[in-house]
Structure formats: C-alpha cells, structure tokens
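Residue-level listing of the chains:
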Amino acid sequence: MKKKLANNLSLKVISVLIACVIWILVSGTVDPVRTNVRYSGVKVEVKNDGYILDAGKSYQIADEYQTVTVYVTGKKSVVEGRTDIAVEADLTQIVNMDTNPAYVPVTLKSVSGISEEDVTIIPKTIPVTIEDTATKEFLVTGMSTGTPGSGYVVGECTTDPEKIQIQGPESVVNKIKSVVATVSADGMTMDATKKAKITLIDQNGEPMSEEYLQFFNISDDHYVNVLMKLWRVQDDVKIKANYSGTPAKGYQVDKITTTPETISIAGSEAALKKLENNGNTLEIPGELINVDGINSDLEANVKLSALISEEDELKIPEEVGQSVAVKVSILPYGSREYDLKTDAIQIQGLASDLRASYNKDKISIRVKGTEANLDALKTGDIKAVIDLTG
C-alpha cells in the first residue's frame, strides 16, 4: 500500500512540473515580451521650476527638446497601446548650474506596471537655457475676424484689461513687439464681450509660437475679455467735392464730379446722427483739390481715410472702395459741359445683323456760346449722331 502511494506521489509531482512547463510555454506565446515598444512625441513636464525662478532667473527649453521618445520593454499586455506614458524634467536635478545651457535628466513619471528599468528615454537629458528675467508692460489690441450680420461692421474692439505685464527670459521678452487678442464677429447683430487667448507678435510682425507662453509669467492667465461694439452701416451717403485756388486766366471751374457719387459709411449712432444733420453728405475739403493756374481738366484720387477716422466713430466698410476719383472740369469762359446719355445717341448706317453697345452710360459734350444761350440750352436739346456708313 505504501509503495502504491509513493508511486502515485511521483506521478503527481511529475504532472505538476509538466503543467508548469506548459503554462510557461503558453503564457509566453499568448503574452510574449516586447522589447523597445516606441512612444514618440511624449511631452516633457517641467517640475520644480521655482528652483530657477526664485533665484530671479528665467529659463527656456527649445521646441525640439520639449518632447522625447520613450522605448518600453515588457509583456505585450503591459507595454502596448499605452496612453499614460509620461515623463518629467525636475529642474532641481540640473547637472551643473554653471554651464549655459544647463542639462537636466528626463525621467519616467509613475506609470502603472512599468518601472524606470523598463524604459529608455531619448534624449536622456535636455538643455535648459537660463538667463536674467525681464518684465515689460504691453497694451493688448483687440481684433475681430469674420463678418457680422447684414448692415453692421465691428466699429470698436477694446480689451479688459487694456494692458498686461509679461515676465520671462530677457532674450525672449525683447522679441515681443505687440500683444493681440482675436475673437470672431461672425453673424453678430449686437455688441458682445468674448474671452480670447492672447497672441504675442514678434518684431517682424509674425505670431510667436504658443509654446513661448509657458516660459512667461503673464497676468490674467493668458486670457483677456474683448468687447466688440457694432456700428450700423448707412448707405447712399453723398460725396461733395470742394476745391481751392483759381484756374488760369480765361478759364473757370465748370463742375466737379466724383466716382462713385455715393458710398456706404459705418458709424456709431451719434456719429451717424451728425452725418444725417449734414444731409448725409461727406465733404472733400478744398485743400485736397487745388486748381491754381490750371487750364485743363484735373483728376485726383482721394483716399477716404483722409476724410474720416475711427476717432470720429466713422469708418468705411471693407467691401467699399477706399478711395474716390474726383474730376474737375475746367473750361474757357463762355463754355459749358453737358452730360448726354449714350442711349440717346442716334446710330446711322449700322448693318441689320449687328448691334452697337457702349462702355459707359454717358458722355460729356462741351459747348461754347453766350451766357444767355448756354443758360437756355438744355441737355434734351443736344442731338448726337454716330455715322457707321462706309
């Protein structure tokens, strides 16, 4: 009986050993070890930056060193498809503060199932440039994008706060030319306040990378409120051109015309009311059109920005031309100019299979005569003929 039990015990031990071997083989097949599973673009989290900032210094890390590549070795089920791989650079571990740049090691943060021995980080250390701290104050310019609702434009963009203080590495702070905050005005039909993240503009007028923001101590946490005030658009505003000076002897100013004759202007309600009181007329001052000593027609291009300004709470909508063409007709005494519509011109000799068209709506005709005759002459009395025969 004892011999039989001994034999059975041996079989049981052998069975357990075989089972262990099979388990090892199976587990190695089902969940094999993976070496150097790659995770690229892992962002480096900076830790204990007060170690540098409290000493009155600032630091910056170049863009190419703000992410690293991490290689992980371990069981397939543990190392593949991870979304929690994280690394950090503890600035208290800088190798040598006397070098510039200084180098700080990059280490694995606490990650479930993975230890420091299981990973390789490339690069193992990253350079940190340490320099004096500079502080500057900047006005924040509010800007808008998009198109407000029909009949409106963005008249004013103001920010709250109006200015911010930026503290950071001296070399980088000195690159900043201005600060803007941009919001969308799409579809707006009333004033609104929106929150916007600031954008730093460099000395070349180009936006600086948002990555720079992490190196700055910026008041109001990088955000400001932008108040957009909408101005109503007033259509059919007439343009009246004045002139200064005296034409050459024997000549006179017959008339002044503008192209276009009317424009659209946007403004605050107070500014538009003032414009209405002036007959909804925008005047071109005489000093911009000088006819001294001239004996022929004068043409000038006047920029509308010279006539109105946002300080007057008026502006020209973007879709409207930004200039006006002014023509001063200068004629000898005893002459007068008349505008004749082209559709009143008679055409003779046009073949039946042809049709005539004009590239303008009217033409100017100059007539000499006595003052009494010119006063009596009406445009309807003028007949114009085009002879196309032969």
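A few points on the structure.

What counts, and at which threshold
Per-chain numbering applies: the sequence of each chain, read as written, is numbered from 1 onward. Given that this is a predicted model, residues contribute local features only at a pLDDT of at least 70 and side-chain atom pairs are listed and counted only at 80 or more, while totals for whole chains, interfaces and linings are drawn from all residues. Side-chain descriptors were evaluated using all non-hydrogen atoms of the structure, hydrogens and water having been removed beforehand. Only runs of H or I of at least four residues qualify as helices and only runs of E of at least two qualify as strands under DSSP, and these elements are numbered from the N terminus. A 1.4 Å probe rolled over the protein chains alone gives each residue an accessible area, and that area as a share of the maximum for its type sets the label: buried under 20%, exposed over 50%, partly exposed in between. Only the protein chains shown count as cover for residues, and the accessible areas themselves come from Shrake-Rupley with a 1.4 Å probe. Asp and Glu count as negative and Lys and Arg as positive, but His and the ends of the chain are not part of the count. Where a charge lies is defined by one atom per residue type: Lys uses NZ, Arg uses CZ, Asp uses CG and Glu uses CD. Strand pairing is defined by DSSP finding a minimum of two bridges between the two strands. Only residues whose relative accessible area exceeds 30% and that take part in no salt bridge are eligible for patches, with like-charged residues grouped when within 9 Å of each other and nonpolar side chains (Val, Leu, Ile, Met, Phe, Trp, Tyr) grouped when within 5 Å. What makes a salt bridge here is a side-chain nitrogen of Lys or Arg within 4 Å of a carboxyl oxygen of Asp or Glu, nothing more. When we speak of the arc, we mean the arc of directions from the helix axis to the C-beta atoms. Whether two residues are in contact is decided by their heavy atoms: any pair within 4.5 Å suffices. Points on a 1 Å grid, built from protein atoms alone, make a cavity when a 1.4 Å probe fits but cannot get out and make a pocket when they are open with protein on both sides within 12 Å along at least 5 of 7 lines; residues with an atom within 4 Å of a point are the lining residues. Grid points are joined across faces, edges and corners, and a volume is the space filled by probe spheres set on the points. Classes in brief: Ala, Val, Leu, Ile, Met, Phe, Trp, Tyr, Cys and Pro nonpolar; Asp, Glu, Lys and Arg charged; the others, Gly included, polar. Lines fitted to C-alpha atoms define the axes, with helix axes restricted to the stretch in contact, and inter-axis angles between N-to-C directions lie between 0 and 180 degrees. Nitrogen and oxygen atoms within 3.5 Å of one another constitute a polar contact, given that in protein one can donate a hydrogen and the other can accept it, and given that sequence-neighbouring residues count only through two side-chain atoms.

### Quick word on the overall build of the protein chain
Counting its secondary structure elements, the protein chain contains six helices and 23 strands. With respect to the three principal axes, the spread of C-alpha positions in the protein chain is 150 × 65 × 40 Å. Sorting the 390 residues of the protein chain into buried and exposed places 33% on the buried side. As displayed, the protein chain offers around 23900 Å² of accessible surface, 50% of which is attributable to carbon and sulfur atoms. Distance between charge centres in the protein chain, computed from 41 positive and 55 negative side chains, equals 8 Å.

### Some remarks on the pairing of strand 15 (residues 262-267)
Most of strand 15 sits out of view: five of its six residues are buried. For strand 13 (residues 223-241) and strand 15, the ladder comprises five bridges, and the chain directions are antiparallel. Across the sheet, the residue bridging to Val 233 is Ala 266, located in strand 15. Alignment of strand 15 against strand 18 (residues 314-315), held across two bridges, turns out to be antiparallel. Bridge pairing in strand 18 places Ala 266 opposite Lys 315.

### Comments concerning the pairing of strand 6 (residues 119-122)
Taking every second residue as pointing to the same face, the buried face of strand 6 carries Val 119 and Ile 121, while none of Thr 120 and Ile 122 on the other face is buried. Alignment of strand 3 (residues 67-75) against strand 6, held across four bridges, turns out to be antiparallel. Within strand 6, the position partnered with Thr 69 by the bridge is Ile 122.

### Looking at a nonpolar patch on the surface
Nonpolar side chains collect at one region of the surface, where Ile 347, Leu 350, Leu 354, Tyr 358 and Leu 388 lie side by side and expose about 410 Å² of accessible area between them. Topologically, Leu 354 is positioned in the loop between strand 21 (346-348) and strand 22 (362-368).

### Observations regarding the pattern of salt bridges
Per the stated rule, a full pass over the model turns up 15 salt bridges. We note a salt bridge from Glu 80 to Arg 34, for which the minimum N-O separation is 3.3 Å. One end of the pair, Glu 80, is in the loop between helix 3 (76-79) and strand 4 (87-90); the other, Arg 34, is in strand 1 (residues 33-47), with 46 residues separating them in the sequence. Among the residues examined, Glu 80 registers a relative accessible area of 35% and is labelled partly exposed. Taking the relative accessible area as the measure of exposure, Arg 34 reaches 29% and is therefore partly exposed. Note that Lys 163 is salt-bridged to Glu 137, the shortest N-O span being 3.6 Å. Of this pair, Lys 163 sits in strand 9 (residues 163-169) while Glu 137 sits in strand 7 (residues 125-145), and the two are 26 residues apart along the sequence.

### Some words on helix 5 (residues 269-277)
For an α-helix, the turn length of 3.6 residues means that residues three or four places apart are oriented alike. All of the buried residues along helix 5 are Ala 271, Leu 272 and Leu 275. The buried residues of helix 5 occupy an angular sector of 95° when the element is viewed end-on, so they sit on one face. Relative to its buried face, helix 5 has exposed residues pointing more than 90 degrees away, namely Glu 269, Ala 270, Lys 274 and Asn 277. The inward-facing, buried residues of helix 5 abut strand 13, strand 15, strand 16 (281-284) and strand 18. Note on helix 5: the residue one or two positions beyond its end, Gly 279, has a positive phi of about 75°.

### Quick notes on the environment of Glu 319
With respect to the helices, strands and loops of the structure, Glu 319 is situated in the loop between strand 18 and strand 19 (323-332). Among the residues examined, Glu 319 registers a relative accessible area of 67% and is labelled exposed. Separated by 55 residues in the primary sequence, Glu 319 and Ser 264 have C-alpha atoms spaced 9.5 Å apart.

### Observations concerning the layout of surface pockets
Looking at the largest pocket, its volume works out to about 480 Å³. Lining the largest pocket are 23 residues, with Val 153, Lys 315, Ile 316, Pro 317 and Glu 318 sitting closest to its centre. Elements with a minimum of two residues in the lining of the largest pocket: strand 7, strand 8 (152-160) and strand 18. Per-element accounting of the lining of the largest pocket gives the leading share, three residues, to strand 8. Looking at the lining of the largest pocket residue by residue, the classes come out as 10 nonpolar, nine polar and four charged. Counted as a void, the second largest pocket has a volume near 310 Å³. Going through the elements one at a time, strand 14 (251-259), strand 17 (298-303), strand 19, strand 20 (335-341) and strand 22 are the ones with two or more residues in the lining of the second largest pocket.

### Some thoughts on the sheet that holds strand 19
Spatially, the three strands line up as an open sheet ordered 14-19-17, and their pairing is antiparallel. The sheet is open, and its two borders are formed by strand 14 and strand 17, each paired with just one other strand. Each strand of the sheet is rotated relative to its neighbour by a mean of 20°, with strand direction disregarded. Taken together, the eight bridges between strand 14 and strand 19 define a ladder with antiparallel strand orientation. Paired with Thr 259 across the bridge in strand 19 is Ala 325.

### What to know about the side chain of Lys 255
Mapped onto the elements of the fold, Lys 255 is located in strand 14. Within the structure, the side chain of Lys 255 is placed 2.9 Å from the side chain of Asp 339, a separation counted as a polar contact. If sequence neighbours within four positions are ignored, Lys 255 has contacts with Lys 327, Val 328, Ser 329, Glu 337 and Asp 339.

### Considering the side chain of Ser 58
Turning to its location among the elements, Ser 58 is positioned in strand 2 (residues 57-60). The exposure class of Ser 58 is buried, given its relative accessible area of 3%. In terms of polar contacts, Ser 58 uses its side chain to reach the side chain of Thr 133, at 2.5 Å. Apart from residues lying up to four places away in sequence, Ser 58 is in contact with Ile 52, Leu 53, Thr 129, Ile 130, Glu 131, Asp 132, Thr 133, Gly 168 and Pro 169.

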